[in-house]
Amino acid sequence: HCPLPADASRLSWVRDLAVIRSREWLRPQSGVVWSQDAGPLLLLKLTLRNPRPPEWPTERPDAFVLQTWFEQQTEMIGQARLREVCDRQAGELRKNAKDAATWRVEQGGWPQPLAESYSFLMQNFKEVLGLGLESQLALRTTGAVSPLLTASLSELHDAFSFAARLQRSPAPPAYRHLHGQFGLAFNDPVWAMLDSAADAEETVTFRTHAPVEASADERCLTATGYATPIQYADQDGTIRYEQRGTSDVVCFLSAAVDRQGFHSMVQTLHDENEAQYDLPPGAKVECVRVDEPGTWEAFGGVRPSCRCYTVRVTYMC
């Protein structure tokens, strides 16, 4: 195993990538495209969902436990069988990602390969990539998972860097629910720090691990809280907004770029179904305001019956 740098906890994810890329043994094999071998990512995603293996001592496994489990599964199932199963699933996911990339290519000006890989990662692996960054998996292991996570984070960074520089003005306020299915803390537990923001004597500030999707579509907020845009397999592309439980809401307040970095959510989709704005991993989040239920106004004058945490963000691309 490669030891962590002494100051690893203070490294931004961009500097992490520079370190990772400098290590020959962590680079993807020449000629291998990471998205064509998504088996390890799919397996990692599976392991992060309940029921969890009984040998895991905590709800969120550390990098070494995760790597050991991956190696055991590969040995038990067999490399050929594992690849067959995962490739079949990955093929369907890549098809969905290609369909989802249409707006980014035709309206956003993204290169087709970058748009497809971004869709592939953001649709399926936000939690996996967050765990990889959080635990420094790419720096601490030399197994089959590490190069793929490295390449995936690198691809995600390139996409955010491209899109952030295309954006000419700050994004409008965008929202996401804090807890529950598809919530911010679901993919990245660090967001739970906002629960203490209302009573905190000092400003709550933290750095994220997983990428974030947020919405500026007026349908995402109702009188009872946040509604998630969902597309069902049996529908012809129609998006329905549904509330998945009750949760407080986070409002992302964007600002113009300055010498400190980027401060705006990045537009990644804007059509009749959704107005999506995303945030790269490794962003600094600062809670600047807390509004109690019924005291803040959403789209169309609606006053949701949940708390709203307003945050500002800073990141480098």
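Everything that follows concerns the structure shown earlier in this document.
Analysis parameters
- Along each chain, the written sequence defines residue order, and numbers are assigned to residues from 1.
- Predicted model: local features are reported for residues with pLDDT of at least 70 only, side-chain atom pairs are reported and counted for 80 or more only, and whole-chain, interface and lining totals are derived from all residues.
- Side-chain numbers come from the whole structure's heavy atoms, not from hydrogens or water.
- With a 1 Å grid spanning the protein atoms alone, the term cavity applies to any set of points in which a 1.4 Å probe fits but cannot get out, the term pocket to an open set with protein on both sides within 12 Å along at least five of seven lines, and the term lining residue to any residue with an atom within 4 Å of a point.
- Grid points are joined across faces, edges and corners, and a volume is the space filled by probe spheres set on the points.
- Strands are runs of DSSP state E lasting at least 2 residues, helices are runs of H or I lasting at least 4, and numbering of each runs from the N terminus.
- Three classes are used: nonpolar for Ala, Val, Leu, Ile, Met, Phe, Trp, Tyr, Cys and Pro, charged for Asp, Glu, Lys and Arg, and polar for all others, with Gly counted as polar.
- Only the six-membered ring of Trp is used, alongside the rings of Phe and Tyr, when aromatic pairs are assigned; centres must lie within 6.5 Å, and planes under 30 degrees apart are stacked while those over 60 apart are edge-to-face, with the rest tilted.
- Relative accessibility thresholds used throughout: buried, under 20% of the residue-type maximum; exposed, over 50%; partly exposed, between the two (1.4 Å probe, protein chains only).
- For a Lys NZ or an Arg CZ to count as sitting over a ring, it must be within 6 Å of the ring centre and within 35 degrees of the ring normal.

J.: Could you give me a rundown of empty space enclosed by the protein, with the residues and numbers involved?
T.: Enumeration according to the criterion identifies three cavities of 30 Å³ or more in this entry. In this structure, the largest cavity spans a volume of roughly 80 Å³. Lys126, Arg176, Phe182, Gly183, Leu184, Asn187, Asp188, Trp191, Ala210, Pro211, Val212 and Glu213 together form the lining of the largest cavity. Listed by contribution, the elements that provide at least two residues to the lining of the largest cavity are helix H10 (184-187) and strand S3 (212-215). The residue inventory of the lining of the largest cavity, partitioned by class, reads six nonpolar, two polar and four charged.

J.: Describe in detail the packing of aromatic side chains, supporting the description with residues and values.
T.: In the structure shown here, the tally under the stated rule is eight aromatic pairs. Ring plane angle 80° and centroid distance 5.4 Å describe the contact between Tyr118 and Phe160, whose orientation is recorded as edge-to-face. Pair noted here: Tyr118 is in helix H6 (residues 112-124) and Phe160 is in helix H9 (residues 145-166), with a separation of 42 residues, a long-range link. Taken as a pair, Tyr118 and Phe160 share a single burial class, namely buried. A ring pair is formed by Trp191 and Phe206, whose centres lie 5.1 Å apart and whose planes are at 80°; its orientation type is edge-to-face. One end of the pair, Trp191, is in the loop between H10 and strand S2 (205-207); the other, Phe206, is in strand S2, with 15 residues separating them in the sequence. With a relative accessible area of 0%, Trp191 lands in the buried category. Residue Phe206 is classed as buried on the basis of its relative accessible area, which comes to 6%. In textbook terms, an aromatic cluster arises when at least three aromatic residues are bridged by ring pairs, as seen for Trp110, Tyr118, Phe160 and Phe162. Its end group placed over the ring of Trp110, Arg104 keeps NZ or CZ at 5.9 Å from the ring centre.

Keep in mind these numbers describe shape, not what the thing actually does.
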